[in-house]
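# Fold and contact review
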Amino acid sequence: MSLQSLLLLALLAAAMPASSETYDIVLSGGRVMDPETGMDAIRNVGITNGRIAKITTEALQGRQLLDAHGLVVAPGFIDLHQHAQDAASGRLKAFDGVTTGLEMEIGVPDVTEFLHRKQGRSLIHYGTTASHPAARALAFGTPLKDPFLVAPSGPSTNDAASDEQLRVIENRLHAELDAGALGIGMGIQYTPGATRLEVIRMFRLAAERRVPVFTHVRSFGRLEPGSSIEAVSEVIGAAAITGASLQIVHVNSSCLADAPICLSLIAGARARGLDVTTEAYPYEAGMTTINSALFDPGWREKLGVDYGALQLPDTGERLTKERFEKLHAAPEAVPVMLFANTQQMVDTVIAAPLVMIASDGEDGHPRNAGTFTRILKRYVRERGSLTLMDAIRKMSLMPALRLERSTPAARGKGRLQEGADADVIAFDPQSVGDRATYQAPREPSVGMKFVIVGGAVLIDRGALVPDRFPGRAIGPIQHPAPSP
Ligand SMILES: [Zn+2]
């Protein structure tokens, strides 16, 4: 650039002070918190064209003015583990402060169909992994239909795959990654027929494609063989062997009483340079479908619990042996809650610095509605076991960092900085909290005054703006060509 044009630019800049600009939206007077830079100060935030354009102490002009005095302004929360992708769940997520909700644990049966179905109809940003269990069902000739949580127990979950079936699974996963999947989702406990070698081959595929594996590990409990420790060691081993990045999902419910030991295994892997991360949800009960392979014979011995640890959502019915056997053998995928953890253990896991927050959200469990505000209420405000900044980090920056090596679009998320995506929430730190319970799991959270998704105001002074669908697919992703 010539000296002349530099001078011209300087003159122009002097003639047009920043304050003369009119932003699309201005959030004024809030306590702005950014977990990456550590900013924690009263600032005005100007948003234009879906981006955070200005963060300043100076007054800003905007076409839409949102008064954030007394509110905490933070990056929108990113949920890496959101099964329910229906409209009602999207609404609950928005009231919980979630601006991006991704189905990464299990994935969906058909990525193209999923992305097409959500386009223009989603309140929050969305995305999915390529589903190993769905690819496996396809290879066994019993394709799954959406929405599915997990495949019913049968040959496609319990039998070993032939060489030909393994090739079908791999081809399908490649095609699903080409279609826009953000990683590989593996629920190994739901496909116990997958051999150790099959798992390693899936990790190898993920490493070639430079995408992470999200996995529900093979087993839980303390009984050997098949303990939580063994199951976590299996996937850390597969990550070490192949070089794949790994997210171990819900370390709370996969490791139960041995969660601190599992966290030490993950910390050890990280200290040796492996890219292994983990997440948890803040409830003692898990939830899954009762006809899945998770409840094949031996589950009570593994967990040291009886049939009464199972509870049906909504009715609250606790199961007996007879009732369980009937439901487990039925073709219907009845959801069931499993009480096998203690709240004390969950609280220990949530406070651990390694652990990011993810909901495992499904209809019928309060975690679908209340996970994120429960962190702000229970752990920040009531117990003081997390600082507000640490809680925000676990729910925004950490999931963005998990994604962004393979998904460049995530670099604009999880931060409250100039240039970042305008996924912004503003909440009242004194009243924010969950209201969903096991008895009433669909109660929306309270305290989110403003929720902005991609520069569009979705929740305005605590009320949902109707007929607005600002959610976009996370991506597109630049995948390198698979190596031969
Ligand atoms: Zn799971």
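Here the structure is a predicted model, which is why all the values come from computation and not from measurement. (Residues numbered from 1 in each chain as written. Predicted model: local features only at pLDDT ≥ 70, side-chain atom pairs only at ≥ 80, totals over all residues. Heavy atoms only, no water.)

### Examining the packing of helix H13 (residues 343-351) against helix H14 (residues 367-382)
Axis angle and axis distance: for two packed helices, these are the angle between their axes and the distance between the axes, and together they describe the pair. Put simply, the rule reads: Axis geometry follows a simple rule: fit a line to the C-alpha atoms, using only the stretch in contact for helices, then measure angles between N-to-C directions, giving values from 0 to 180 degrees. Helix and strand definitions follow DSSP, with helices as H or I runs of at least four residues and strands as E runs of at least two, each counted in order from the N terminus. Roughly parallel here means an angle under 35 degrees, roughly antiparallel means over 145, roughly perpendicular means 65 to 115, and every remaining angle is called oblique. Throughout, a contact is declared for two residues whenever any of their heavy atoms are within 4.5 Å. Ten residue types, Ala, Val, Leu, Ile, Met, Phe, Trp, Tyr, Cys and Pro, are classed as nonpolar, four, Asp, Glu, Lys and Arg, as charged, and the remainder, Gly among them, as polar.
Where H13 contacts H14, the two axes come as close as 12 Å, and the packing angle between them is 100 degrees. By the angle between their axes, H13 is roughly perpendicular relative to H14. Contacts from Gln343, Val346, Asp347 and Ile350 in H13 reach Arg374, Ile375, Arg378 and Tyr379 in H14. Along the lines of polarity and charge, the residues of the contact of H13 with H14 split into four nonpolar, one polar and three charged.

### Topic: the packing of aromatic side chains
Operational definition: Side-chain rings of Phe, Tyr and Trp (the six-membered ring for Trp) are treated as a pair once their centres are within 6.5 Å; stacked means planes under 30 degrees apart, edge-to-face means over 60, and tilted covers the remaining angles. Three exposure classes are used, based on accessible area relative to the maximum for each residue type with a 1.4 Å probe and protein chains only: buried under 20%, partly exposed in between, and exposed over 50%.
Inspection of the entire model under this criterion finds eight aromatic pairs. Note on Trp299 and Phe324: the rings are 5.2 Å apart at their centroids and 45 degrees apart in plane angle, and the pair reads as tilted. Separated by 25 residues along the polypeptide, Trp299 in helix H11 (residues 299-303) and Phe324 in helix H12 (residues 321-329) bring together distant segments of the chain. Here Trp299 matches Phe324 in class, with each residue buried. Members of the aromatic cluster, connected to one another through ring pairs, are Phe295, Trp299, Tyr307 and Phe324.

### With respect to the pairing of strand S12 (residues 276-280)
Spelled out, the test is: In short, DSSP must find at least two bridges between two strands for them to pair.
Extensive coverage of S12 is indicated by the burial of five of its five residues. Alternating positions in S12 separate into two faces, Val276, Thr278 and Ala280 on one and Thr277 and Glu279 on the other, with burial throughout. As paired elements, strand S11 (residues 246-248) and S12 share three bridges and run parallel to each other. Looking at S12, one finds that Leu246 is bridged to Val276. Note that S12 and strand S16 (residues 355-357) share three bridges and pair parallel. Looking at the pairing, Glu279 lines up with Met356 of S16.

### Quick word on helix H3 (residues 111-118)
Put simply, the rule is: Directions from the helix axis toward the C-beta atoms define the arc. Polar contact is the term for a pair of N or O atoms within 3.5 Å; when the atoms are in protein, one must be able to donate a hydrogen and the other to accept it, and sequence-neighboring residues count only if both atoms are side-chain atoms.
Residues Val111, Phe114 and Lys118 constitute the buried set of H3. Here the buried residues of H3 occupy an arc of 65 degrees about the axis, which is enough to place them on one side. The inward-facing, buried residues of H3 contact strand S7 (98-108), strand S8 (125-131) and helix H6 (163-178). Residue Asp110 occupies the N-cap position of H3, its side-chain oxygen lying 3.2 Å from the main-chain nitrogen of Thr112.

### Quick look at the environment of Asn291
Along the chain, the position of Asn291 falls in the loop between strand S13 (285-289) and H11. Relative accessible area serves as the criterion here: at 3%, Asn291 is assigned to the buried category. Taking the C-alpha atoms as reference points, Asn291 and His328, separated by 37 residues in sequence, lie 4.3 Å from one another. Asn291 has contacts with Pro152, Ser153, Leu327, His328, Ala330, Pro331, Glu332 and Ala333, leaving out every residue within four places of it along the chain. Among the polar contacts listed, one links the side chain of Asn291 to the backbone oxygen of Ala330, at a separation of 3.3 Å.

### With respect to the nonpolar core
Rule in force here: Here, nonpolar core means buried Ala, Val, Leu, Ile, Met, Phe, Trp, Tyr and Cys residues that are tied together by side-chain atoms lying within 4.5 Å of each other.
Within the largest apolar cluster, 79 residues are counted, with the highest numbers of intra-cluster contacts made by Ile184, Phe203, Ile248, Val251, Leu376 and Phe427. Among all residues touching Val251, those that are not within four sequence positions of it are Leu256, Ala259, Cys262, Leu263, Ile266, Thr278, Glu279, Ala280, Val349 and Val355. By size, the runner-up hydrophobic cluster in this structure holds 26 residues, among which are Val150, Ala151, Leu303 and Leu310.

### Quick notes on the side chain of Asn44
Looking at the element boundaries, Asn44 is found in strand S2 (residues 40-48). From its side chain, Asn44 meets the backbone nitrogen of Gly29 in a polar contact 2.9 Å long.

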